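Read off the chains here:
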Amino acid sequence: MVGPRPVRHQSPGLPAEPAGRHAASVAKLIDGPIGAYVHVPFCATICPFCPYNKVVPRPGQPERYFRALRAEARAHLDAGASGPEGFTSLYVGGGTPTLFPDLLRTVVADLPVVGERAIEVLPTHATPERLEVLRDMGFTAASIGVQAFSDEVLHHLRRPHDAATARDAVTAAVGRFDLVDADLVLDVEFDDAHAGSFLRDLVTCFDLGVDQVSTYPLMRFGYTPFGSGAHDRRREHEVLAEATRLAADHGYERRSVWTFNRPDSASYTSITRRRFLGLGAGASSFLGRDFLVNHFGVETYIADVESGRLPIARHLRLGAAGGAAYDAFWRAYSGRLCIPGLGCHTLSPRGFDRYHDLERWVTYHLIEPLWAEMLAEHAAEGTHAGWVTPSRARVSRLWSVMSRVMERQV
Ligand SMILES: C[S@@+](CC[C@H](N)C(=O)[O-])C[C@H]1O[C@@H](n2cnc3c(N)ncnc32)[C@H](O)[C@@H]1O
Ligand code: SF4
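The structure contained in this document is the topic of the report that follows. (Residues numbered from 1 in each chain as written. Chains lettered and ligands numbered in written order. Predicted model: local features only at pLDDT ≥ 70, side-chain atom pairs only at ≥ 80, totals over all residues. Heavy atoms only, no water.)

**Digging into the pattern of salt bridges**
Applying the stated criterion across every chain, the model contains 24 salt bridges. D136 is the partner of R105 in a salt bridge, and the nearest nitrogen-oxygen pair spans 3.2 Å. In this pair, R105 sits in helix 3 (residues 101-110) while D136 sits in helix 4 (residues 128-136), placing the two residues 31 residues apart along the sequence. A salt bridge links R274 to D327; the shortest N-O distance between them is 2.4 Å. Pair noted here: R274 is in the loop between strand 8 (259-261) and strand 9 (276-279) and D327 is in helix 11 (residues 319-332), with a separation of 53 residues, a long-range link. (Salt bridge = Lys/Arg side-chain N within 4 Å of Asp/Glu carboxyl O. Helix = DSSP H or I, 4+ residues; strand = E, 2+ residues; numbered from the N terminus.)

Below is the structure:
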């Protein structure tokens with residue numbers, strides 16, 4: 001089925017063909033079917049463990065932001081980025097994508113999408129009424145940011161909701177979408193010393209009937225107040241091995257390094273889409289051989305779009321080999337890697353442990369330094385991405401070499 005075609009119209013204050021020429025160059029770099037990722041960089045309150053690009057919005061900023069988002073999407077669509085059929089999937093992440101549903105609706109309505117449409121949902125927003133609004137917008141998959149069903153853990157994470165709200169959210173979502181995911185965060189040191197509730201929470205998710213549980217080990221980004229502590233890797237491996245046994249007891253399977261699924265369910269994750277075009281402040285794109293990063297600063301992003309430029313801040317040219325390696329790395333996350341001529345390989349339990357360690361290493365050596373550089377844009381705008389201090393990020397020699405070798409002038 002082909003989704004709705006893009007609506008061509010003039011947004012107030014924007015040039016007739018915004019960024020058209022540059023969007024055509026980006027479209028030429030896309031070397032296969034591509035999904036769309038939309039980033040909503042706003043949260044009502046900020047959690048101190050969170051590394052993502054987000055701010056508490058200024059008055060009037062969301063309206064201007066979503067108008068720019070539509071214009072950015074229109075520039076790419078006019079250049080043919082989605083291909084003749086439309087984007088293969090849509091993933092809306094944040095920040096908190098459900099904070100301004102009426103504004104989000106205008107963006108989603110413009111995007112032609114043939115496959116799954118997924119959105120991250122803050123538990124506070126997962127009431128039956130608000131979930132119906134998301135369904136009405138065409139979303140087929142919802143990821144609920146549970147983190148824990150323990151008030152003690154939620155307080156440790158300074159979450160804006162309690163355990164009862166998290167449980168109500170999952171109950172309201174299950175059965176309403178083709179796929180419901182619940183995110184849990186595992187901070188082994190805190191869990192062992194205090195709540196000890198992670199594995200109980202996992203079983204609660206199974207009992208509530210979710211299609212997928214994502215069990216994210218807490219990443220201690222150096223620029224957040226939770227950072228740069230050491231990790232008890234062996235203990236993390238043990239807990240995830242126990243989670244795998246519990247999953248099997250409850251009829252679930254380990255579908256990837258950090259996800260457990262009902263055998264009949266589809267897989268849901270933003271990072272296993274082969275190619276994606278990122279829209280919005282802080283969104284990144286992987287086009288097959290090229291990696292692009294949009295400006296993180298919300299005002300910088302809006303100003304670029306309003307003046308007719310694509311809001312691209314960084315362009316890394318990975319090349320054919322680098323692109324294939326990037327692709328293979330994220331494919332292996334699913335625990336199964338098929339290479340033409342070499343056959344398919346499934347990760348053993350030890351393989352999952354090694355991959356878990358590798359994911360963390362990539363996060364700290366490549367993702368953290370890139371995001372820290374980009375998050376510094378907020379200070380330049382006179383705003384603050386709550387709790388984040390970019391200068392405290394880890395220093396990575398690998399990232400400095402890679403960015404020097406691969407970076408292209410935008
Ligand atoms: C953008 S948030 C989800 C949407 C919504 N803002 C919320 O908090 O419910 C995406 C997910 O990333 C995970 N996450 C956030 N910070 C993390 C960290 N430092 N380490 C590991 N996972 C993290 C959480 O599980 C969270 O649900
Ligand atoms: S984890 Fe907290 S700060 Fe991060 S995106 Fe979700 S609500 Fe916002």
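That covers the picture; the talk isn't over yet.
**A closer look at the packing of aromatic side chains**
A complete count under the given rule lists 17 aromatic pairs for this structure. For the ring pair F329 and W330, a centre distance of 4.8 Å and an interplane angle of 75 degrees mean the geometry is edge-to-face. Considered together, F329 and W330 belong to a single accessibility category, that of buried residues. One aromatic cluster is present, built from ring pairs that chain together F286, F291, Y326, F329, W330 and Y355. In this structure, R167 packs its charged tip against the face of F149, placed 5.9 Å from the ring centre. The ring of Y364 carries R394 above its face, with NZ or CZ at 3.6 Å from the centroid. (Phe/Tyr/Trp six-rings, centres within 6.5 Å; stacked < 30°, edge-to-face > 60°. Buried < 20%, exposed > 50% of the residue type's maximum accessible area, 1.4 Å probe, protein only. Lys NZ or Arg CZ within 6 Å of the ring centre and 35° of its normal.)

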